[in-house]
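# Commentary on secondary and tertiary structure
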Amino acid sequence: MIKMVAFDMDGTLTQETSSWETLFNIFHHDPSPFYRMYSEGRIDQDEWAAANLREILRGRPGLTAREVETALVDNTHLRDGVEECISELEGGCGALAAS
């Protein structure tokens, strides 16, 4: 009996291959300065994520985490068959999706 199924979200469950790229496009953000710092080893992945989010929020006073989440959900599209797959799994096991 299958007890759990794990999925990668980006490009597997969704048509978009990167949640970050989707977020950057929604908010017209250029992540290249922070990507350069990350690729040079000057910041780690958590610092990269925090720096990009800070920059997105800096130009949008009052933007809430809920609004960011809603924008991301509204601009993310499931691949064909995903809803049916999840429905089949719901009765018999847990499903974990990670980005």
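So, here's what we can say about the structure. Only a predicted model underlies this, so the values are computations on that prediction, with no experimental measurement involved. (Residues numbered from 1 in each chain as written. Predicted model: local features only at pLDDT ≥ 70, side-chain atom pairs only at ≥ 80, totals over all residues. Heavy atoms only, no water.)

## As for the nonpolar core
- With 11 residues, the main nonpolar core is built from L23, F24, F27, F34, I43, W48, A49, A51, I56, V68 and A71.
- Secondary-structure elements contributing two or more residues to this core are α2 (19-26), α4 (45-58) and α5 (65-74).
- Those residues within four positions of I56 in sequence are excluded, and the remaining contacts are L23, F24, F27, H29 and L63.
- Membership of the second largest hydrophobic core comes to five residues, among which are V5, F7, V82 and L89. (Core = buried A, V, L, I, M, F, W, Y, C linked by side-chain atoms within 4.5 Å. Buried < 20%, exposed > 50% of the residue type's maximum accessible area, 1.4 Å probe, protein only. Helix = DSSP H or I, 4+ residues; strand = E, 2+ residues; numbered from the N terminus. Contact = heavy atoms within 4.5 Å.)

## Observations concerning the pattern of salt bridges
- Under the defined criterion, the tally for this structure stands at three salt bridges.
- As a salt-bridge pair, R58 and E55 come within 2.8 Å of each other at their nearest N and O atoms. Of this pair, R58 and E55 both sit in helix α4, three residues apart, roughly one helical turn.
- Residue classification places E55 among the partly exposed positions, given a relative accessible area of 30%.
- Residue E69 is joined to R66 by a salt bridge in which the shortest nitrogen-to-oxygen separation is 3.3 Å. (Salt bridge = Lys/Arg side-chain N within 4 Å of Asp/Glu carboxyl O.)

## Section: the packing of helix α3 (residues 32-39) against α4
- Look at α3 against α4: their axes get within 10 Å of each other, and the N-to-C directions meet at 165 degrees. Judged by the angle between their axes, α3 and α4 are roughly antiparallel. As for the relative orientation of α3 and α4, their crossing is right-handed in sense. Along its contact with α3, which presents F34, Y35 and Y38, the element α4 presents Q45, W48, A51, N52 and E55.
- Tallied by class, residues from the contact of α3 with α4 come to five nonpolar, two polar and one charged. (Axes fitted to C-alpha atoms, helices over the stretch in contact; angles between N-to-C directions. Parallel < 35°, antiparallel > 145°, perpendicular 65-115°, else oblique. Left-handed = near helix turned anticlockwise from the far one by under 90°. Nonpolar A, V, L, I, M, F, W, Y, C, P; charged D, E, K, R; others polar.)

## As for unusual backbone geometry
- You will see that H28, though not glycine, has its phi angle at about 50 degrees, which is positive.
- Relative to the helices and strands, H28 resides in the loop between α2 and α3.
- Residue H28 is classed as exposed on the basis of its relative accessible area of 73%.

## What to know about the packing of aromatic side chains
- In total, this model carries three aromatic pairs according to the counting rule given.
- Residues W20 and W48 carry aromatic rings whose centres are separated by 5.0 Å and whose planes lie at 70 degrees to one another, so their mutual orientation is edge-to-face. One end of the pair, W20, is in helix α2; the other, W48, is in helix α4, and 28 residues separate them in sequence.
- Under the relative-accessibility criterion, W20 is labelled partly exposed at 28%.
- A relative accessible area of 12% places W48 in the buried class.
- Judged by centre distance (6.0 Å) and plane angle (75 degrees), the ring pair of F24 and W48 falls under edge-to-face. Pair noted here: F24 is in helix α2 and W48 is in helix α4, with a separation of 24 residues, a long-range link. Both residues of the pair, F24 and W48, belong to the buried class.
- Linked through ring pairs, W20, F24 and W48 together constitute an aromatic cluster. (Phe/Tyr/Trp six-rings, centres within 6.5 Å; stacked < 30°, edge-to-face > 60°.)

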